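Architecture at a glance
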Amino acid sequence: MDLGIAGKRALVCASSKGLGLGCAEALAEAGVNLVMNARGEEALVQAAQSIRDAYGVEVETVVADVTTSEGQAKLLAAATEIDILVTNAGGPPPGLWSDWERDDFIKALDANMLAPIALMKALLPGMMDRGWGRVVNITSQSVKAPIAVLGLSNSARAGLTGYVAGTARQVAGSGVCINNLLPGIHATDRAVSLDSGVSAQQGITMEEAKAQRAATIPAGRYGSRGEFGATCAFLCSQHAGFIVGQNILLDGGSTNATL
């Protein structure tokens, strides 16, 4: 399927690896030129060159921490004339409700709520002026069904979801579509981190921890960055102009809900 976005320009945050990289690769395959961002220069440069070699698109790189105001300013200075925004940031650490203090919540809000909002506020006006735009926020399945040990993530991402619910409907008439992708467990560094915690807590191997988690997923496996990226690219395509303010689960059926 021709996604109809060849020649568009996308900013993909935290895209040197994992789900962000999957989104960048899928957009590049559709002919989209990229601004890729990450905190680590080595992995970012390597990922960007791999995409250039594979798809022949233009790729700029910006090494910055998108969760800080300084990082956002650096990123926005480079990311001009953006048609597609994919927001992404690593999730806060797991823990118990009694573990977290105010500073922990502020850090989670900065990374997983306020940073995406800042980027949207900066880039939406240009999209609206041009009459076309797409925003995809990578959030979490915990927005639909909270995960007890991820209380920081539950809180921050739910806040972003509320913001998007109202904002998406205000900008849709200008040809701009904002939606959220809610990943379950995918084969990324985040899964390794969570499985490591289970391994240490229960005294089992990493392989056993992974198998234990995979058994809770109806699909029987972890997701891949490729299938996640393909879904993102579709939401950014010309075919997704009537999808507005939605929260789309990619969790292998883990979330047990009718709606």
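Our subject is the structure listed above.
Now for a description of the structure that goes with this document. (Residues numbered from 1 in each chain as written. Predicted model: local features only at pLDDT ≥ 70, side-chain atom pairs only at ≥ 80, totals over all residues. Heavy atoms only, no water.)

**A short note on the packing of aromatic side chains**
For the coordinates displayed, the defined rule picks out 1 aromatic pair. Ring centres of tryptophan 100 and phenylalanine 105 lie 6.2 Å apart, and the angle between their planes is 80°; on these two criteria the pair is classed as edge-to-face. Residue class for tryptophan 100 comes out buried when judged on its relative accessible area of 12%. Its guanidinium or amino end placed over the ring of tryptophan 132, lysine 8 lies 4.2 Å from that ring's centre, counting from NZ or CZ. (Phe/Tyr/Trp six-rings, centres within 6.5 Å; stacked < 30°, edge-to-face > 60°. Buried < 20%, exposed > 50% of the residue type's maximum accessible area, 1.4 Å probe, protein only. Lys NZ or Arg CZ within 6 Å of the ring centre and 35° of its normal.)

**Section: the state of the cysteines**
The tally for this structure, following the rule as stated, stands at 0 disulfides. The thiol of cysteine 13 is not disulfide-bonded; the next cysteine sulfur, from cysteine 23, is found 11 Å away. Taking relative accessible area as the criterion, cysteine 13 reaches 1% and is therefore assigned buried. Not engaged in a disulfide, the cysteine cysteine 236 finds its nearest cysteine sulfur in cysteine 232; these two sulfurs lie 4.2 Å apart. (Disulfide = S-S within 2.5 Å.)

**Remarks on the sheet that holds strand β5 (residues 133-138)**
The sheet built from 7 strands is open, its strands ordered β3-β2-β1-β4-β5-β6-β7 with parallel pairing. The sheet is open, and its two edges are formed by β3 (59-63) and β7 (247-250), each paired on a single side. Along the sheet, successive strands turn relative to each other by an average axial angle of 15°, direction set aside. Both strand β6 (residues 176-183) and β7 contribute to a ladder of 4 bridges, which runs parallel. Looking across to β7, one finds that leucine 182 is bridged to leucine 249. (Pairing = 2+ DSSP bridges. Helix = DSSP H or I, 4+ residues; strand = E, 2+ residues; numbered from the N terminus. Axes fitted to C-alpha atoms, helices over the stretch in contact; angles between N-to-C directions.)

**A word on unusual backbone geometry**
The phi dihedral of alanine 14 is positive, around 45°, even though this residue is not glycine. You can see alanine 14 is positioned in the loop between β1 (9-12) and α1 (18-29). Among the residues examined, alanine 14 registers a relative accessible area of 25% and is labelled partly exposed. For glutamate 81, which is not a glycine, the phi torsion comes out positive at approximately 55°. On the secondary structure map, glutamate 81 appears in the loop between α3 (69-78) and β4 (84-87).

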